[in-house]
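Given next are the chains, with one letter for each unit.
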Amino acid sequence: MSFELPKLNYVYDALEPTIDARTMEIHHSKHHQAYVDNLNNAIAGTELEGKSIEEIQKIGTDKPAVRNNGGGHYNHSLFWELLTPGGRKAPVGNVKAEIEKIGGFEKFKEDFSNAAKTRFGSGWAWLVKNSDGSLTVTSTPNQDNPLMPVADVQGTPVLGLDVWEHAYYLKYQNKRPDYVAAFFDVINWDKVEELYNK
Ligand code: MN
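Residues numbered from 1 in each chain as written. Predicted model: local features only at pLDDT ≥ 70, side-chain atom pairs only at ≥ 80, totals over all residues. Heavy atoms only, no water.

### A closer look at the nonpolar core
Heads up, the condition is: Definition used in this section: a nonpolar core is a set of buried Ala, Val, Leu, Ile, Met, Phe, Trp, Tyr and Cys residues joined via side-chain atoms within 4.5 Å. Only protein chains enter the area calculation, which uses a 1.4 Å probe; residues under 20% of their type maximum are buried, those over 50% are exposed, and those in between are partly exposed. Put simply, DSSP H or I for four residues or longer makes a helix, DSSP E for two residues or longer makes a strand, and each gets a number counted from the N terminus. What makes two residues a contact is simply this: any of their non-hydrogen atoms within 4.5 Å.
If you look at the biggest cluster of nonpolar residues, it comprises 54 residues, and the most contacted ones within it are Leu-83, Phe-108, Leu-159, Leu-161, Tyr-179, Phe-183 and Trp-189. When residues of this core are assigned to their parent elements, the largest contribution, six residues, is made by helix α1 (residues 21-43). When residues no more than four places from it in sequence are discounted, the contact partners of Tyr-179 are Phe-79, Leu-161, Asp-162, Val-163, Ala-167, Tyr-168 and Tyr-172.

### Examining the pairing of strand β3 (residues 156-162)
Note the threshold: In this scheme, strands are said to pair when DSSP sees at least two bridges between them.
For β3, the tally of buried residues reaches six of seven residues, placing the bulk of the element in the interior. Bridge analysis of strand β1 (residues 123-129) against β3 gives six bridges, and the strand direction is antiparallel. Each residue of the ladder has a partner; that of Trp-126, found in β3, is Gly-160.

### Some words on the pairing of strand β2 (residues 135-141)
Summarising the sheet, β1 and β2 pair through seven bridges and their orientation is antiparallel. Counterpart to Val-128 in the pairing with β2 is Thr-136.

### Considering helix α8 (residues 189-197)
For α8, every residue scored as buried is listed here: Trp-189, Lys-191, Val-192, Glu-193, Leu-195 and Tyr-196. Lining the buried residues of α8 we find α3 (64-81), α4 (93-101), α5 (105-118), β1, β2 and β3.

Here you go:
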């Protein structure tokens, strides 16, 4: 059984004006599709074939094709679910309570935005659930993520932001900080809470 490109829960222009339709279409149907195809090719006939995408992240690998494309498939599958048109503007439930413990929502926004803006080159900013239930803001390079044994901060991602240029360049060009600021308008906080409670 091969991995497949997941369908989105919304149409490509649903996140306008925060994320433009053309970017969504290319990002999902071209970039993510390529990660899926390359991952399937990289694991065909290996011991990783048949494992879940989460298992592949946690096992880790020396093979760049599996690390990069497996990370790419996991990260993007999560990312699409974390976006929603007209979502809540702030966290809810247990995530809200845990964010209070790390300084509150405004402090979290600042920390997460800094993680996203200062990740040099391509990568991701993350909010990670630790084994004790606390939350930590971190970032990873390329298509790495906090499930991987190589990550500086390991844990379960509950929020992630793609800061590769392909995620924002058509609309925001070199202004990554504007894209990061706008991201807060389309976060699916109900999904964040669901991931936290899993
Ligand atoms: Mn991407």
